[in-house]
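Listed here are the chains, written in short residue letters.
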Amino acid sequence: MDVLDVAVRVAVVMVAFLVLPLLVGQTEHKVMAHMQGRLGPMHAGGFHGWAQLVADGVKFAQKEDTVPAGADRRVFQLAPAVALIPYLVVLVAIPLGPDGMVGQVLDAGIFFVLAVLGVGVLGSLMAGWASANKYSLLGALRTAAQLMAYELPLLLSAASVAMAAGTLSLTGILGEFEWWWVPWQLVGGVVFFTAGLAELQRPPFDAPIAPEEIIFGAYTEYSGLRFAFFLLAEYAGIVVVSALTAVLFLGGWHGPMSDQLGWLWMLLKTGALSFLVIWARVAWPRLRADQIQKFAWTVLVPLALAQIALTGVIKVVVSG
Amino acid sequence: MTGQEVVFVIVGVVVLGAAVRCVTTRELVHAALWLVVALGGLAVQYLLLTAEFVAWVQVLIYLGSVVVLLLFGLMLTRAPIGPSPDADSGNRPVALAVSLASAAALVALVVDAFRTSWIELDRPHGESGPVGESLFQNWVLPFEALSVLLLAALVGAIVVSRTRGNEQRTEQRTEQRDGQRNGGVG
């Protein structure tokens, strides 16, 4: 692998990281506005307010970056980076198309992706503790409890796919993929996507940042660019979870003419799943913190275990 | 020295520094965060030794779960911002002695056991396939023993957390809440 090749791959991953989350953010504005029968911001840029996102970015950059007097200054300032960077790192391992269209082929790709995603939680915890604000602390506590509950179904359902493919590598899994895996791994896919939604603290799992109860949870004291980083982390998270679901359960770049159009199929599947994430925000009311816990332990974990059992049985039958 | 060895030494120094800061800092949460740096550095060391699978497991288990659990526990207790002098138990000399003794024992053991074995760093050794094969063929008994140990710990944790008094209180609270909810609906 020569220097130019590495540079191109890094550049493509950076561009994807900078563009896709903003696209999802813009789509969320527009989709929510249409679903709720309201216009939303329509003036910036002329046509349908397309430049509203740019205006928002300028606004965030102009705002003063404040640190509360009682806060733990260094931890408070470091937290947004800890929350955002894991999503950038994860994008390196997600395959976009066949024949090596991936930032870096990793032997234990699933492990890498889920491990690095788990590090992002530390950002929310650091933010909540260092803010010296009881609402922030409550938000961080809810975040930690929620993430620990949903990490398990996420890992179990991913393990089911790894069992089916006989490899931990994301490119290897796509290499083994057959169309009938979609119905076979359907339950696991639903569990994975739902658990991913909960890990991102997106509605209906947004009790950690519930505005009516605890203002904005761990991010209450943030302003300006640091606050924008947390929002960006949320949208980058939507992209990553959707892309991972597409790769593990929907066959990633597989589709008609996948040799030429593989990347397009992957982007389409990721986009459709991102749309589902946005739709869920409009469609469902927020679950209470205890309902969120109960859902993880009494519904998702047993379902994921049942999927693993099913995967094992069919794998043995097919190979034997 | 190759580039790999230079990086190994640098990361090793960082890990050592973070570990020392972790036990000497007077702020509880900072200690947990220094632990993150130390454990993350160790994952990088595994990577440099081409043990990719172990490195990601280190990140997943220690950074993603153990430290998060630690921070969660610290936040449930009183973890004030700033130094917490009352958290010092005065066991510092004893702890130092114990840690020095165990470190010496470990170093002696590793040096004695692996003095003559070398690995070539130019090809991967720790890929998930070979690791899984040796784990489930040669080492399956220790693996199962560990599983039983973890299961016992799990059951123990549930037993400890579900004392009788606690149970009754939870039931009462649930009844109260249900009552309120029914009242609200009616």
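These figures come from a predicted structure and were not determined experimentally.

Further remarks concern the overall build of chain B. What chain B contains, in helices and strands, is seven helices and zero strands. Along chain B, helices and strands appear, N-terminal first, in the series α-α-α-α-α-α-α. Residues classed as buried in chain B amount to 13% of the 186 residues present. Sequence-distant contacts, at least 24 apart, represent 65% of the contacts inside chain B between residues at least 6 apart.

From N to C terminus, chain A includes 12 helices and zero strands. Against the globule reference of 20 Å for 320 residues, chain A gives a C-alpha radius of gyration of 20 Å, in line with a compact fold. Taken over the C-alpha atoms alone, chain A extends approximately 65 × 45 × 45 Å along its principal axes. With 320 residues in all, chain A has 49% of them scored as buried.

Contacts between the two partners involve 21 residues from chain B and, on the opposite side, 25 residues from chain A. Contributing elements (two or more residues each) for the side of chain B that touches chain A: helix H2 (28-48) and helix H3 (52-76) of chain B. The leading source of residues in the side of chain B that touches chain A is H3 of chain B, at 14 residues. Across the side of chain B that touches chain A, the residue classes break down as 16 nonpolar, three polar and two charged.

The next thing to look at is the nonpolar core. The biggest cluster of nonpolar side chains holds 123 residues, and the ones touching the most others in it are Phe111 and Leu114 of chain A. Once residues lying within four places of it in the same chain are set aside, the contact partners of Phe111 of chain A are Leu168 of chain A together with Phe53, Trp56, Val57 and Leu60 of chain B.

Residues and elements named next belong to chain A. At a minimum axis distance of 8 Å, the contact between helix H3 (residues 73-91) and helix H4 (residues 109-130) shows a crossing angle of 165°. Taken together, the axes of H3 and H4 are roughly antiparallel relative to one another. Crossing handedness for the pair H3 and H4: left-handed. Between H3 and H4, the contacting residues are Val75, Phe76, Leu78, Ala79, Pro80, Val82, Ala83, Pro86, Tyr87, Val89 and Val90 on the first element and Val113, Val116, Leu117, Val119, Gly120, Leu122, Gly123, Ser124, Met126, Ala127 and Ala130 on the second. Tallied by class, residues from the contact of H3 with H4 come to 19 nonpolar, three polar and no charged.

Moving on, we come to helix H8 (residues 186-199) of chain A. Between its first and last C-alpha atoms H8 of chain A spans 20 Å; for 14 residues at 1.5 Å apiece the expected length is 20 Å, and the two agree. Phi turns positive one or two residues past the end of H8 of chain A, at Gln201 of chain A, with a value near 60°.

Here we take up the confidence of the model for chain A. On average, chain A scores 85 in pLDDT, and the residues at 70 or more come to 99%. At the low end of the mean pLDDT range in chain A sits helix H9 (residues 211-214) of chain A, at 79; at the high end sits H8 of chain A, at 91.

Here we come to the UniProt feature "transmembrane region" (unreviewed entry) in chain B. Those residues carrying the UniProt feature "transmembrane region" (unreviewed entry) are residues 6-24, 31-49, 55-74, 94-119 and 139-160 of chain B in this numbering. What you have in residues 139-160 of chain B is 95% helix and 0% strand, and the ends, taken at the C-alpha atoms, are 32 Å apart.

What counts, and where the lines are drawn
Residues numbered from 1 in each chain as written. Chains lettered and ligands numbered in written order. Predicted model: local features only at pLDDT ≥ 70, side-chain atom pairs only at ≥ 80, totals over all residues. Helix = DSSP H or I, 4+ residues; strand = E, 2+ residues; numbered from the N terminus. Buried ≥ 20, exposed ≤ 12 C-beta atoms within 10 Å, placed from the backbone. Contact = placed C-beta atoms within 7 Å. Rg over C-alpha atoms; globule rule 2.2 N^0.38 Å. Nonpolar A, V, L, I, M, F, W, Y, C, P; charged D, E, K, R; others polar. Core = buried A, V, L, I, M, F, W, Y, C linked by C-beta atoms within 7 Å. Axes fitted to C-alpha atoms, helices over the stretch in contact; angles between N-to-C directions. Parallel < 35°, antiparallel > 145°, perpendicular 65-115°, else oblique. Left-handed = near helix turned anticlockwise from the far one by under 90°. Expected span 1.5 Å × (residues − 1). pLDDT = per-residue confidence, 0-100. UniProt positions renumbered as here; feature names shortened; annotations may be inferred.

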